[in-house]
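What follows is the residue order along each chain.
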Amino acid sequence: MEKLMAIFDGFDIEKLGEQLPSVETLMQGLKGWVTLLVLIGPMLMLGLGIYYLFFSPKEANHSVGYRFFYAMSQVQVWQYAQRLAGIAYAGLGLILLVIMGLVSLSFGSLATPDLVWRAAKCLMWEVILVIIVTLAVDIIIIAFFDRKGNPRKSASRFVNKKKVPAKRSNGSHARYKK
C-alpha cells in the first residue's frame, strides 16, 4: 500500500488539466478523422474502378479482378466483366467523392452528435450504393452471357466477338497456309 501511495504522492489534479489537450482541439481532430472516414470509401471505389479498367489481368484467375462466376467461364466474358465493373466502380467512386466532399465541408459547423450521425448516414449510403452497383454489374453479365460464357442472342451485338482460327493437327493455324 505504501508503494501505491508513493506513486500518487506528487499527483496534482490541477496540473493534469494543464497537460491534457482542450476539448476544441479534440473536436477538430474528430472532424478530420470523420471526414477521412467518409472520403476513404469513394477513393477506394475510384481506385478499384481504375484498376479494373486498365490493370486487370487479361485472363480469368481466382485472385485478382472482378470475380463473378459467369465471368470466369471464358476470356471474352472476363474482359467484358472487367471493363463493365471498372466503368461502374470508377463512375460511382467519382460521383461519391464529389458528393461526400461537398457534404464533408459542412462538418465544421456541426455539433459532435450531429457530425457523427451525418457521417454514419454517409457511410450507409456508400455501402448501399456499392451493393446496388455490384448487383447491377452481375445482372448485366447474366443478361448478356449464359453460364458457359456464350453470348445470348439478344446481347450479341454488344459483345466483342473475335474469332480465333482453328489449329491444324500439325500445330499451324488454318489461316496461314504453307
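Keep in mind the model is a prediction, meaning the values are calculated, not measured.

1. Description of the overall build of the chain
Counting its regular elements, the chain contains 5 helices and 0 strands. Counting from the amino terminus, helix and strand elements in the chain follow one another as α-α-α-α-α. The buried share of the chain, reckoned over its 178 residues, is 27%. Contacts in the chain between residues far apart in sequence, at least 24 positions, make up 62% of those at least 6 positions apart.

2. Describing the environment of Ala 90
Within the fold, Ala 90 resides in helix 4 (residues 75–105). Residues Ala 90 and Tyr 52 lie 38 residues apart in sequence; the distance between their C-alpha atoms is 8.8 Å. Sequence-distant contacts of Ala 90, defined by excluding residues within four places in its chain, comprise Met 45, Leu 46, Gly 49 and Ile 50.

3. Focus on the packing of aromatic side chains
Overall, the coordinates contain 11 aromatic pairs when judged by the stated rule. Residues Tyr 52 and Tyr 89 carry aromatic rings whose centres are separated by 5.9 Å and whose planes lie at 40 degrees to one another, so their mutual orientation is tilted. Placement of Tyr 52 in helix 3 (residues 23–54) and of Tyr 89 in helix 4 is noted, with a sequence separation of 37 residues between them. Each member of the pair, Tyr 52 as well as Tyr 89, is classed as buried.

4. Details of the packing of helix 4 against helix 5 (residues 112–144)
One way to put it is that helix 4 packs onto helix 5 with a least axis distance of 10 Å and a crossing angle of 160 degrees. In terms of their interaxial angle, helix 4 and helix 5 are classed as roughly antiparallel. As helix 4 packs across helix 5, the resulting crossing turns out to be right-handed. Counted together, Val 77, Tyr 80, Ala 81, Leu 84, Ala 85, Ala 88, Tyr 89, Leu 92, Leu 96, Met 100 and Val 103 of helix 4 and Arg 118, Cys 122, Glu 126, Leu 129, Val 130, Val 133, Thr 134, Val 137, Ile 140, Ile 141 and Phe 144 of helix 5 form the full contact between these two elements.

5. Topic: the side chain of Asn 61
Following the sequence through the fold, Asn 61 ends up in the loop between helix 3 and helix 4. Here Ser 63 takes part through its backbone nitrogen, which lies 3.0 Å from a polar atom of the side chain of Asn 61. Beyond its immediate sequence surroundings of up to four residues, Asn 61 is in contact with Arg 67, Met 72 and Trp 78.

6. As for the confidence of the model for the chain
The share of residues in the chain with pLDDT of 70 or more is 78%, and the mean pLDDT across the chain is 83. Ranking the elements of the chain by mean pLDDT puts helix 2 (residues 13–19) last, at 66, and helix 4 first, at 95.

7. What about the nonpolar core?
Counting 28 residues, the largest nonpolar core has Val 38, Tyr 66, Phe 107, Val 137 and Ile 141 as the members making the most contacts within it. Of all the secondary-structure elements, those providing two or more residues to this core are helix 3, helix 4 and helix 5. For this core, the element with the highest residue contribution is helix 4, accounting for 9 residues.

8. What about a nonpolar patch on the surface?
The grouping of Trp 33, Leu 36, Leu 37, Ile 40, Met 43 and Leu 44 at the surface amounts to a nonpolar patch, some 640 Å² of accessible area in total. Within the fold, Leu 37 resides in helix 3.

Conventions and cut-offs
- Residues numbered from 1 in each chain as written.
- Predicted model: local features only at pLDDT ≥ 70, side-chain atom pairs only at ≥ 80, totals over all residues.
- Heavy atoms only, no water.
- Helix = DSSP H or I, 4+ residues; strand = E, 2+ residues; numbered from the N terminus.
- Buried < 20%, exposed > 50% of the residue type's maximum accessible area, 1.4 Å probe, protein only.
- Contact = heavy atoms within 4.5 Å.
- Phe/Tyr/Trp six-rings, centres within 6.5 Å; stacked < 30°, edge-to-face > 60°.
- Axes fitted to C-alpha atoms, helices over the stretch in contact; angles between N-to-C directions.
- Parallel < 35°, antiparallel > 145°, perpendicular 65-115°, else oblique.
- Left-handed = near helix turned anticlockwise from the far one by under 90°.
- Polar contact = N/O pair within 3.5 Å; in protein donor to acceptor, adjacent residues only side chain to side chain.
- pLDDT = per-residue confidence, 0-100.
- Core = buried A, V, L, I, M, F, W, Y, C linked by side-chain atoms within 4.5 Å.
- Patch = residues over 30% accessible without salt bridge, like charges linked within 9 Å, V, L, I, M, F, W, Y side chains within 5 Å.
- Areas by Shrake-Rupley, 256 points an atom, 1.4 Å probe, with all protein chains shown as cover.
- Salt bridge = Lys/Arg side-chain N within 4 Å of Asp/Glu carboxyl O.

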